[in-house]
Amino acid sequence: QKEVEQDPGPLSVPEGAIVSLNCTYSNSAFQYFMWYRQYSRKGPELLMYTYSSGNKEDGRFTAQVDKSSKYISLFIRDSQPSDSATYLCAMSVPGNTGKLIFGQGTTLQVKP
Amino acid sequence: DGGITQSPKYLFRKEGQNVTLSCEQNLNHDAMYWYRQDPGQGLRLIYYSQIVNDFQKGDIAEGYSVSREKKESFPLTVTSAQKNPTAFYLCASSIGARQTTGNTIYFGEGSWLTVV
């Protein structure tokens, strides 16, 4: 079993839809959770960064962490064609090494 | 502008050759990383360095080598011992390695390596 599981999709939605992207993980020691967006043939860019359980909102994006269920989510409201990309969840490995464990990434397509 | 610069963007390698991928950052970050990305497998850590003149192996270090002689630079050499080197290589950096709120990892634009 992988430490971080993420459905690779692809996920296709119409413009304006609410998108829900999810990851599950197995290591209860993870405390820092990130979502990266990666456009085709580009480096990942950081979207959201959360610590421990709870919600964090930034514009149309909301990150949610449920540590009791070992489950994290990214919600995108009013999705736009420019949101079409691969979304990667990542978790910081305990031990102050700076290492991240990534999910496989979910490919999202928002159709006009 | 501050950022992470990787070069070359595209690189072709013949079987048995060593190639070096360049990574330079002007963010004054102490920690630097190399990840490999293959389709359907997410990112996997090759090597990381928390400070100049020191580096550690990641999860898939076999067939790769690095150096960290300067804070700004962390080049990756893909040696002929790497059996399947065709992949997208990503360099990253962070302020430090310690887990704290706001100490996030930033990525460069990546280098595509193809073995011909």
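Quantities reported herein were computed from a predicted structural model and do not represent experimental measurements. The residue numbering used here restarts from 1 in each chain and proceeds along that chain's sequence as written. Chain labels run from A onward and ligand labels from 1 onward, assigned in the order the entries are written. In keeping with the predicted nature of the model, local features appear solely for residues at pLDDT of at least 70, side-chain atom pairs appear and are counted solely at 80 or more, and the whole-chain, interface and lining totals rest on all residues. With hydrogens and water stripped out, all remaining heavy atoms of the structure feed into the side-chain values.

1. Examining the sheet that holds strand β1 (residues 4–5) of chain A
All names here are of chain A.
- Taken together, 5 strands build an open sheet; the order of strands is β1-β3-β8-β7-β6 and the sheet is antiparallel. Two strands in the sheet have a free side with no partner beyond their single neighbour: β1 and β6 (54–58).
- One requirement defines pairing of two strands: DSSP has to find at least two bridges between them. A helix here means a DSSP run of H or I that spans at least four residues, while a strand means a run of E at least two residues long, and both kinds are numbered starting from the N terminus. Examined bridge by bridge, strand β7 (residues 61–66) and strand β8 (residues 71–76) share 6 bridges and lie antiparallel to one another. Following the sheet pairing, Q64 is matched in β8 by S73.

2. Structural notes on the interface of chain B and chain A
- Taken together, the 28 residues of chain B in the interface contact 24 residues of chain A.
- When two components associate, each loses some accessible surface as probed by a 1.4 Å sphere; the sum of these losses over both components is called the buried area. Here chain B packs against chain A, burying approximately 2100 Å² in sum over the two surfaces, 52% of which is carbon and sulfur.
- Only one rule defines a salt bridge in this text: a Lys or Arg side-chain nitrogen within 4 Å of an Asp or Glu carboxyl oxygen. Taken together, the connections running from chain B to chain A amount to 1 salt bridge.
- Between E109 of chain B and K42 of chain A there is a salt bridge, with its nearest N and O atoms 3.7 Å apart. Any two residues whose heavy atoms approach within 4.5 Å at even a single point are treated as in contact.

3. What about the layout of surface pockets?
- Every definition here rests on a 1 Å grid over the protein atoms only: cavities are sets of points where a 1.4 Å probe fits but cannot get out, pockets are open sets enclosed by protein on both sides within 12 Å along at least five of seven lines, and lining residues have some atom within 4 Å of a point. Grid points are joined across faces, edges and corners, and a volume is the space filled by probe spheres set on the points. Empty space within the largest pocket amounts to approximately 360 Å³.
- Together, 20 residues line the largest pocket, and Q38 and T86 of chain A together with Q37, D38 and P39 of chain B are the ones closest to its centre.
- Elements represented by at least two residues in the lining of the largest pocket include exactly β9 (85–92) and β11 (106–111) of chain A together with β9 (87–94) of chain B.
- Roughly 270 Å³ of volume is contained in the second largest pocket.
- At the level of elements, β10 (100–102) of chain A together with β5 (43–51) of chain B are the ones that each hand at least two residues to the lining of the second largest pocket.

Function cannot be read off these values alone, since they describe shape.
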